Amino acid sequence: MHASFQWAWLIPLMPLLSFLIIAFVTKKWPRLSSTISIICILTSFVLAVWIGYGVLTTGDQLVEKPYQHTLNWLTFNNVPWGLSEGSLNIEFGTLVDPLTAMMLFVVTLVASMVQIYSVGYMHGDKGFSRYFAYQSLFAMSMLGLVLATNFLQLFLFWELVGLCSYLLIGFWFFKVSAREAAKKAFITTRVGDFGLLLGILFLLNKFGTLNFFKLHEMIGPQFNNAVVVGGISYLTLTAFLVFIGPVGKSGQFPLHVWLPDAMEGPTPVSALIHAATMVVAGVFLVARVFFLFKASPATMEFISYLGCFTALFAATIAVAQDDIKRILAYSTLSQLGYMMMALGLGAMTASMFHLMTHAFFKALMFLGAGSVIHALHEKQNIWDMGGLWKKMKITGTTFFIGVLAIAGVPGLSGFFSKDEILTAAYHNNIILYVVASFTAFLTAFYMSRLFFVAFTGDEKPENHPHESPWMMTLPLIILAVLSVVGGYVALPEHGFGYFVRPWGSEYEVEHMNYLVAGISTVLGLSGIGLAYLVYNRKAISADNIVATFPRTYKVLQNKYYVDELYLWIIKNIVDGFGKVLYWFDIYVVDGIINALGFLAKFFGSLFRRAQTGQLQVYAMVIFVSIVIMFLVITFGEQQLSALIPFLGGVK
Amino acid sequence: MSFNLSVGLPHYLLVAAMLFCFGLYGVFSKKNAIAVLMSLELMLNAVNINLVAFNRFLFNKPIDVQGVKHYLLAGHVSAIFVIVVAAAEVAVGLALVITMYRNRLSTNVDELDWLKW
């Protein structure tokens, strides 16, 4: 084992340290706070690179058995359930394997870039120090989540990530919309967390341990997967419950509503949430406990279909959006759908590969969008932009690289990762392949639409854009370079796929499927070309298309009315049910309590007659009682003699 | 036929019991608070007679402690204690009765029922 592995705990500790320092000491000095925060996250980044190097030199023995460094955290004795020997130990520690190393690298890199960028973007904001404190806490939570050795530790950091996203989305809390968005994000993900917690309890109940690797060893072929209810096995139920957590966190279909609203936070926060931290936590969790999902084919199938549906669903919405950040948000949803679909198809490597490349180019594009918004003084509608290409050379170029990468243009990182996912779909399920390919076309189209509308075309006279300072452009350049070269890590024989794969699985060399690659290239390029024709050359009028399908356009622009549907459900069904319960509370629950009170009052009024207030009556009662006691003790039966010690009598 | 006319323990106990019953009757039946207090004194004195009588008739043997003869006087001492305590009690009781009379112009215990519900 490499020497670096035992120091993995330092990686989340550094941002935590900076959070504490900023919160308690340096809050009054913004520049000092940001410097501390950046130094700490860069230290973590260096450590992450060191660990990554260690993983590369150690080879694939880490895939057989990951390195774990643990302390005992909680011990419960006489546990009545589970297969353990009557006691349950939950440890707190760090788990290092190639997946962790990859995530550490991506998270610390993106977090560093975002923090450096934020120095320029948040310049002059009142909450500058607070912002960096939150950023550090966010980074700490995500890094702790990545390094977790067991479900409980993961859940702890999982909730911390949710909390930090709440704080950062609602960072400008004086805006009503930001407050609402923060609450929405928190509550929506809470729905998913409930499922995850249930899943964890199910696992604990059956296996008596929460450690990932121990669970992996237990859920082997020898595990008796008993049917619980109606043909659903225990593992399927558990896996499904665990999966609800990622559905909320990674914005899969029914719980995706919080993610586009999360755009209310400062733009670098969106970059962090959407590229490296919050949303990929769900995908990461599924990859981390991939053994659990693999043991349940039904859940796997569900995941693949849900992912594919989310990808298409979000991509169609993105086509009709006008807000630059919302387009990117729906694009994120769509790409997360891709990752989930790949996981559902069993292609964990492809999914993680896409997670990594997506982190690069999505962080790049969000930071680019932030640069644009900064230059245009908080304008976010793409139709208010235009002609930025000439004024903002660095932002424009790097953004274009991001668009090409996400569109899957050959040679860039997105091409390699998306191609792996499409190949997996092609081999497993042709329907998913067709839908995913169509989504790829849509992705290329709406991203190019965004680019052509915002960056090319006529300049707007009321805009006076200028290039952002170097602190903002430097991260853009670094991320752009990674977006270009990031895909090549898969090419060597002992490349990405050799390291990042499920525990204990055989390494299979994936050869490129030239048919799939060719089709996706054609689709990507035609998407870009179509957008070019519509929005740059104006050869096809976009207004005409809208006029032809007014209904469709309206539905897409209103995001399929999902928010309205939820609102309707809450207003009518939840509130209605609440009214019924309110009635029940007022008339039944309160009725019982009032009846009890009345009963006590009634008996009180009955028995108070005994209290006459007459001194001599009391004296008489006392005397007669003493006489009775005396008689009982003296002549009473044996059973009454038990009273003697209390009455002090003599016999 | 010969009668044992000497006074023994039963006679004392009988007198004490009668005295106690008179006192009890007074406590139960008298309306005047002062009369109630006086009846209470009767009851206490009945007890005193008992204490002294028991001491006199049951423990009247000298006890040899290191060559010196001692008599056990616990009953007598108890009786003196009772007298002292009774005196204190009557002092408090009379003070209460006087205060009560000043406020209500009455010492009738039947009217002293204002602490009931």
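Residues numbered from 1 in each chain as written. Chains lettered and ligands numbered in written order. Predicted model: local features only at pLDDT ≥ 70, side-chain atom pairs only at ≥ 80, totals over all residues.

K.L.:
Any chance you could break down the interface of chain B and chain A for me, citing the residues and the numbers?
P.N.:
Facing the 11 residues of chain B at the interface are 10 residues of chain A. Residues of the side of chain B that touches chain A, tallied by class, amount to 8 nonpolar, no polar and 3 charged. (Contact = placed C-beta atoms within 7 Å. Nonpolar A, V, L, I, M, F, W, Y, C, P; charged D, E, K, R; others polar.)

K.L.:
Now, about the packing of helix 20 (residues 430–455) of chain A against helix 23 (residues 514–537) of chain A: what can you tell me, with residues and values included?
P.N.:
Residue and element names in this part refer to chain A. With their axes 8 Å apart at the nearest point, helix 20 and helix 23 run at an angle of 35° to one another. Helix-helix and strand crossings are classified by hand; for helix 20 and helix 23 the assignment is right-handed. Where helix 20 abuts helix 23, its residues S437, A440, F441, L442, A444, F445, S448, R449, F452 and V453 lie against I519, S520, L523, G524, S526, G527, I528, L530, A531, Y532, Y535 and N536. (Axes fitted to C-alpha atoms, helices over the stretch in contact; angles between N-to-C directions. Helix = DSSP H or I, 4+ residues; strand = E, 2+ residues; numbered from the N terminus. Left-handed = near helix turned anticlockwise from the far one by under 90°.)

K.L.:
I'd like to hear about the environment of A281 of chain A, residue by residue, with values.
P.N.:
Its place among the elements puts A281 of chain A in helix 12 (residues 278–288). For A281 of chain A, the residues in contact, after removing those within four places along its chain, are M142, L145, W158, V161 and K249 of chain A.

K.L.:
Could you give an account of the nonpolar core, with specific residues and numbers?
P.N.:
If you look at the biggest cluster of nonpolar residues, it comprises 198 residues, and the most contacted ones within it are V107, V110, M341, A363 and A436 of chain A. Not counting residues up to four positions away in its chain, the partners in contact with V107 of chain A are A139, M142, L143, V146, A276 and T277 of chain A. (Core = buried A, V, L, I, M, F, W, Y, C linked by C-beta atoms within 7 Å. Buried ≥ 20, exposed ≤ 12 C-beta atoms within 10 Å, placed from the backbone.)

K.L.:
A description of helix 26 (residues 562–607) of chain A should follow, citing residues and the corresponding values.
P.N.:
Residue and element names in this part refer to chain A. When the terminal C-alpha atoms of helix 26 are compared, their 64 Å separation across 46 residues agrees well with the 68 Å that a helix rising 1.5 Å per residue should span. In the structure, helix 26 departs most strongly from a straight axis at G591, where the bend amounts to approximately 35°. Within helix 26, only 0 of the 46 residues are buried, which leaves the element largely exposed. (Expected span 1.5 Å × (residues − 1). Bend = angle between axes of the 7 residues up to and from the residue.)

K.L.:
How would you summarise the pairing of strand 1 (residues 67–76) of chain A if you had to cite specific residues and measurements?
P.N.:
Remark: a regular strand shows side chains that alternate across the two faces of the sheet. All names here are of chain A. Burial of strand 1 is sparse: only 1 of the 10 residues sit out of reach of the surface. Bridge count for strand 1 against strand 2 (residues 88–96) is 9 bridges, and the pairing is antiparallel. Its bridge partner being in strand 2, L71 is matched across the sheet by F92. (Pairing = 2+ DSSP bridges.)

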